[in-house]
Amino acid sequence: DYRGPISNTYHGFKCQYWEDIEPHNHTYTPDNYPESGLEGNNACRNPDNDPRGPWCFTVDKEIEWGYCRIPACSPLGKIDVSNNTLTNIGDTNWT
């Protein structure tokens, strides 16, 4: 149930705002999925509980949608996903 700010697909395509129906018309709107965190953003979400995880429609007219790469939570530290990058906060060593 991802609620973070990542708003690009695995392949780097920018996500379309969930309220928008252009360039890709769809029914995954905040009104239709009120508990899915779609309102006011273009971040990756999983409103249909896809087993492969969060996804989004893209702003690219040729690529309708794509899955997103969401980093796993660190059990020992915190993850800062600002600017769609991982940053170590605390004393966790990333390898």
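Residues numbered from 1 in each chain as written. Predicted model: local features only at pLDDT ≥ 70, side-chain atom pairs only at ≥ 80, totals over all residues. Heavy atoms only, no water.

1. Points about the state of the cysteines
Disulfides are covalent bonds that link the sulfur atoms of two cysteine residues. Counted only if it meets this: Disulfides are defined in this document as cysteine sulfur pairs within 2.5 Å. By definition, any uninterrupted DSSP run of H or I lasting at least four residues is a helix, any uninterrupted run of E lasting at least two residues is a strand, and each is numbered from the N terminus. Each residue gets one of three labels from its accessible area relative to the maximum for its type: buried under 20%, exposed over 50%, partly exposed in between, using a 1.4 Å probe on protein chains only.
This model, assessed by the stated rule, comprises two disulfides. At a sulfur-sulfur separation of 2.0 Å, the disulfide partner of Cys15 is Cys56. Between Cys15 and Cys56, the S-S dihedral sits near -70°, and the bridge is therefore left-handed. With Cys15 in the segment before β1 (55-57) and Cys56 in strand β1, this pair connects stretches of sequence that are 41 residues apart. For the pair formed by Cys15 and Cys56, the shared burial category is buried. The disulfide partner of Cys44 is Cys68, and the S-S distance across this bridge is 2.0 Å. Between Cys44 and Cys68 the sulfur-sulfur dihedral comes to about -85°; the bridge is accordingly left-handed. Of the two residues, Cys44 is situated in the segment before β1 and Cys68 in the loop between β2 (65-67) and β3 (78-80); the sequence distance between them amounts to 24 residues. Judged by relative accessible area, which is 0%, Cys44 ranks as buried. Since its relative accessible area comes to 11%, Cys68 is described here as buried.

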